[in-house]
Amino acid sequence: MSYIRKPVAHHSNLPVNALGLTERDYEGGMSTLCAGCGHDSITAALIQACWGLDIEPHKVAKMSGIGCSSKTPAYFLREAHGINAVHGRMPSIATGANAANRNLYYIGVSGDGDSLSIGFGQFAHAIRRNVNMLYLIENNGVYGLTKGQFSASADVGSRSKGGDINEQPPIDPVLTAISLGCTFVARGFSGDKEQLVPLIKAGLQHRGFAMIDVISPCVAFNNHEGSTKSYAHTRQFYHPAIHTDFIEPRAEIRAEYERGKTMPIELHDGSTIVLRKVDVDHDPTNRAAAIGYLERHREAEEIVTGLLYVEEEGRDLHAINRTATDSLVEARVHGNQQAVLEEVQTQYR
Amino acid sequence: MPGRVNDFTLKIATVNGTGSASANALLTKAVFRMGVPVMGKNYFPSNIQGLPTWYEIRVTEPGHLTRSGHVHLMVAMNPETFAKDHAEVTPGGYLLYDSTWPRVRDFNRDDINIIGVPLADMVNHHFADARTRILMKNVAYVGALAALLDLDLAVIEGLLQETFGESKAKLVAANMQAVELGHAYVREHFECPLGLRVEERDLTDGHIIIDGNTTAALGAMFAGATVGAWYPLTPSTSLMNAFSDFCERYRTTEQGEREFAVIQAEDELAAIGMVLGAGWMGARAFTPTSGPGISLMNEFIGFGYYTEIPAVIFDVQRVGPSTGMPTRTQQGDLMACAYAGHGDTRHICLYPADPAEAFELSARAFDLAEHFQTPVFVVSDLDIGMNEWMVPELSWDANYRPDRGKVLDADELDRLAGPFQRYMDPDRDGIPFRTLPGVHPAGAFFTRGSGHSKHGTYTEDAAEYQEVMDRLACKFETARAHVPPPAIEYAYAASGGDGRQRPRPTACAIVSLGSCDLAVREARKALKAGGTELDYCRIRAFPFTDEVERFLAEHETLFVVEQNRDAQCKGMLLMETDVARDKLVSILHYNGLPIASTDIEEAVLGHLNREEAI
Ligand SMILES: Cc1ncc(C[n+]2csc(CCOP(=O)(O)OP(=O)(O)O)c2C)c(N)n1
Ligand code: SF4
Ligand SMILES: [Mg+2]
């Protein structure tokens, strides 16, 4: 078998972005996931977001771990370098790559198994370091690629395809990320692109670690009655707390926003996100309040979505390291090495 | 004991965490400054305070900078280990102890000389607080030894001034006071100097005293490394500390911006992941670690091998298996490094013998890693990494340019006809071209540790998979001619028909690697003095080069000297060369102390005598 590459045909009737590119130019190889898999919808949302932001595809580094979800970076941005790490270890690859070159966009795609089990430590530590990247967890409550075992995000009482009931409490990536000090935490649903695309855009423009937990049903192993990560269950218990409108730099804020219910937040590149609260009692800039809000709704078994916590002033990896603005890709052999060697050696004579 | 001028070993037994390390370093450096070659080795516990620790100093005008296997003077400061230390003194030698507390009943040998100095007593009289007293007791034995061994007090004072600087003149004075206390007491009560003594020479000119982690770090900076990731692990920790310090000084812009990033990872899995991420991005990146870290990194190392990402891994080996003895030395990871990762993997490994070579091979490792697009190991050990060695001054080629390997730049990618294909072999050397992220849309490809074809695409096709694996094997063959050749010394040369000198191989020879070197050299000299000449091949790299193969072929018996139990180097030679099994005789040392020349000498003679007996 060899790689299937979609024909790149130019459809003159497709809209182009500021770079003159159509959404097609942001696509990748043909997906090999199951038809109806939530992950494919997220890929589509990513394509739309990157196109909408006029990002040069080759200025993106895309990466993932191992799993069905982790296969998806091959399905978008064919002109971007991509890397499939080992299972659960994409955050370290992202950290090293970002340390070496701060001047690219970083998109990491992971699964609930990849991030919350084998890679839980790396996930947590990438958050701690505030690596400037977009980090998506395509969350289906199971290990898709190894055929449907419960993952660490499976809810108590959720039934597997084989009939087992999960009794262990789930690890919630959203609560985890907020408590670890993540500076951008959102939850979306693969079935709601209208909400997801602006979230992805905002996450890409956020400086720091932007984590989006995207409920992404696995149609092969976790879409049955009794599963809490099925399409039907997600739709039934879906609770958008907040709508996020993403507004490009320099673009005018046109929509009429009701005062008190909206909250504009300026991102580092000058773009703005306007949060429209569906629930007035949620304040996404207050960490303790956000955790309390999420806990209350978790008890009510609701799936709260939207941009749930954001902090624009966090210092990222490079701010903390005081890294030079140029990338570190060039080997640094400048200066008079001979003189340096001489100076160093005087201490050892 | 007959007089031993500039040729003796002293050993200092103390308790760790009492400041004795700096006193011992002071002694070592004083001998060095007096122009006499000196070896200092620290046998310290995996502990912060309160456990026994030893420091061995060999004063060696002939330049045998290795363990002699003797203790001519023992400074027994630790009551807990007193009996053992007392027993270890070479007959005719001396034992210095703190006679504040008489221990007459402990002396059960009449073949050694006892020197009692009331160290605690004298410092307690002169210094007030408890901590100072503990520290100064060590400095006082330096003074006592200075008198006994005829060390120059002006040299000691000069070193103290360098250590504390002008701003801390008081500290210098206090230390000198303690030195003089010990010095005066010994002068008054014993005949000074002893038969053992140091006489000034000029044999250390052009040399430095330095540890191999510092030089390896310096090599990394000189090679232009910009990203380092690590997780603290003895004995590798000081390598990253040194790199950070060097870069802070020499790789920070005037505006205070760092042209480097050192990341303390959450574990070694992440550390190697970060290095591979940075290497994939195109930066020169490395991680220092030791055995336990190598074990953790295995999956990612295999990934780096198969996806062909440059990375440099320093394995400063310590005693395994498992946690083992973290502060003792061994060469126990030879195989773990050479074959790290599951599936068919083989890695370029470099084996420095001392800190000077650690500097050279550290820098070299970055070139090899990028030239061959693969993880490269610098396999050092605790002895090299943490002990201070006297080595010739380091030198650096002013014309050095990093070898970044086959990387297509934006212009080349502009001219590319058709899509970029990552794993082709256009030059038939097994080395493909690579591209870096962010440079050009035409350069994009997908890096994956899963099966891939030469085009870089996912594959489960039998032939496509195998083609890439075969090319990787070919790449390793190319590396064979590029890695550092062994250092070979022949005992005899004969002139050939063309008048040129050619080596005339001895029947028996030694093959070794890494920090065994100096012990092998001293053993060869001793054996030669007894009439046994042995050629010597010190392997400096894996894959083994043709020179190694030839050396193995031209000798009948090869003693393979290494510091592990399972003869890992010998195993690799059997697996990787054509040498016949019955030609190889192992000499193994693996108790955690650096190998001594006597270990080798005795083993060689033992074998030769047995052969004769048959
Ligand atoms: C070290 C290691 N152990 C186990 C596996 C097998 N494995 C592959 S994918 C996977 C789970 C993936 O689950 P998730 O991240 O949720 O992705 P999904 O397939 O559900 O999208 C496992 C256990 C592996 N690849 N590597
Ligand atoms: S097994 Fe599940 S997660 Fe994997 S591709 Fe199919 S539907 Fe998607
Ligand atoms: Mg999953």
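Parameters at a glance
Residues numbered from 1 in each chain as written. Chains lettered and ligands numbered in written order. Predicted model: local features only at pLDDT ≥ 70, side-chain atom pairs only at ≥ 80, totals over all residues. Heavy atoms only, no water. Axes fitted to C-alpha atoms, helices over the stretch in contact; angles between N-to-C directions. Helix = DSSP H or I, 4+ residues; strand = E, 2+ residues; numbered from the N terminus. Parallel < 35°, antiparallel > 145°, perpendicular 65-115°, else oblique. Left-handed = near helix turned anticlockwise from the far one by under 90°. Contact = heavy atoms within 4.5 Å. Donors = N, O, S within 2.8 Å, 3.2 Å for Na, K, Ca; no water. Buried < 20%, exposed > 50% of the residue type's maximum accessible area, 1.4 Å probe, protein only. Near = heavy atom within 4 Å. Polar contact = N/O pair within 3.5 Å; in protein donor to acceptor, adjacent residues only side chain to side chain. Areas by Shrake-Rupley, 256 points an atom, 1.4 Å probe, with all protein chains shown as cover. Nonpolar A, V, L, I, M, F, W, Y, C, P; charged D, E, K, R; others polar. Buried area = accessible area lost by both parts, 1.4 Å probe. Salt bridge = Lys/Arg side-chain N within 4 Å of Asp/Glu carboxyl O. Pairing = 2+ DSSP bridges. Domains from an automatic or database assignment.

Asks: Please explain the packing of helix α5 (residues 153-164) of chain B against helix α6 (residues 169-189) of chain B as it appears in this structure.
Replies: Working note: a packed helix pair is described by the angle between its axes plus the distance between those axes. All names here are of chain B. Close contact between α5 and α6 brings their axes to 9 Å; oriented N to C, the two are set at 150°. On the basis of the axis angle, α5 is roughly antiparallel to α6. The chirality of how α5 crosses α6 is right-handed. Within the contact between the two elements, α5 uses Leu153, Ile156, Glu157, Leu160, Gln161 and Phe164 and α6 uses Leu171, Val172, Asn175, Met176, Val179 and His183.

Asks: For this particular structure, what's the right way to read the coordination of the magnesium ion (ligand 3)?
Replies: Residue and element names in this part refer to chain A. Donor atoms from the polypeptide that coordinate the magnesium ion (ligand 3) comprise Asp112 (OD), Asn140 (OD1) and Val142 (O), at 2.1 Å from the metal. Each donor residue of the magnesium ion (ligand 3) lies on the same chain, and together they follow the pattern D-x27-N-x1-V. In this pair, Asp112 is assigned in helix α4 (residues 112-118) and Asn140 in the loop between β4 (133-139) and β5 (142-143), connecting sequence segments 28 residues apart. For Asp112, a relative accessible area of 2% gives the class buried. In this structure Asn140 comes out as buried when scored by relative accessible area, which is 4%.

Asks: Just checking my understanding: could you explain unusual backbone geometry for this structure?
Replies: Of all residues except glycine, most have a negative phi; of all peptide bonds, most are trans. Looking along the chain, the bond that leaves Gly320 of chain B and enters Pro321 of chain B is cis, with omega of -5°. The topology assignment puts Pro321 of chain B in the loop between β13 (311-317) and α11 (334-338). With an omega of 5°, the peptide bond running from Phe542 of chain B to Pro543 of chain B counts as cis. Residue position: Pro543 of chain B is located in the loop between β23 (541-542) and α17 (546-554). One non-glycine residue, Asp54 of chain A, adopts positive backbone phi at about 60°. The topology assignment puts Asp54 of chain A in the loop between α1 (38-52) and β1 (60-64). You will see that Arg322 of chain A, though not glycine, has its phi angle at about 60°, which is positive.

Asks: What am I meant to see in the site of ligand 1 here?
Replies: As a matter of local geometry, ligand 1 sits amid 18 residues, with Ser69, Asp112, Gly113, Asp114 and Gly144 of chain A nearest to it. Neighbouring residues of ligand 1 are distributed over chains A and B. Separating an oxygen atom of ligand 1 from a side-chain N or O atom of Ser69 of chain A is a distance of 2.7 Å. Leu145 of chain A is positioned such that a nitrogen or oxygen atom in its backbone is 3.0 Å from an oxygen atom of ligand 1. With the chains in place, 77% of the 590 Å² that ligand 1 exposes on its own is no longer accessible. With four residues, the single largest contributor to the shell around ligand 1 is α4 of chain A. When the residues that make up the shell around ligand 1 are grouped by side-chain class, the tally is six nonpolar, nine polar and three charged.

Asks: Any chance you could explain the site of ligand 2 here in plain terms?
Replies: Every residue near ligand 2 is listed here: Leu33, Cys34, Cys37, His39, Cys68, Asn140, Cys218, Val219, Ala220 and Phe221 of chain A. Residues belonging to the shell around ligand 2 are distributed by class as follows: eight nonpolar, two polar and no charged.

Asks: Looking at this structure, I do not really get the interface of chain A and chain B. What am I missing?
Replies: One frequently used descriptor of interface size is the decrease in accessible area upon assembly of the parts. Contact residues are listed per partner, giving 58 residues for chain A and 77 residues for chain B. Taking both sides of the interface into account, the surface hidden between chain A and chain B amounts to around 5600 Å²; carbon and sulfur atoms contribute 60%. The tally of links from chain A across to chain B stands at five salt bridges. Close ionic contact of Arg129 of chain A with Glu266 of chain B constitutes a salt bridge, the shortest N to O distance being 2.7 Å. For the pair chain A and chain B, the interface holds 30 residue pairs in polar contact (both at pLDDT 80 or more). For the side of chain A that touches chain B, the class distribution of residues is 25 nonpolar, 21 polar and 12 charged.

Asks: Mind showing me how you'd approach the sheet that holds strand β25 (residues 584-588) of chain B here?
Replies: What links the strands of a sheet is backbone hydrogen bonding, and the strands pair in either a parallel or an antiparallel sense. Residues and elements named next belong to chain B. One open sheet accounts for five strands, arranged β18-β22-β21-β24-β25; its pairing is mixed. Across the chains shown, the open sheet's two edge strands, defined by having one partner strand only, are β18 (487-489) and β25. Here the average twist between neighbouring strands, direction ignored, is 20°. With five bridges joining them, strand β24 (residues 557-562) and β25 adopt parallel strand pairing.

Asks: Can you help me understand the domain arrangement of chain B in this one?
Replies: Residues and elements named next belong to chain B. Looking at the assigned domains, one finds that chain B contains domain 1 (4-205), domain 2 (210-392), domain 3 (410-480) and domain 4 (487-613). Measuring from the centre of the C-alpha atoms in domain 1 to the corresponding centre in domain 2 gives 35 Å. Listed by partner, the interface residues are 13 residues for domain 1 and 10 residues for domain 2. In total, about 970 Å² of surface goes out of reach between domain 1 and domain 2, with carbon and sulfur atoms giving 58% of it. The interface formed by domain 1 and domain 2 contains one salt bridge.

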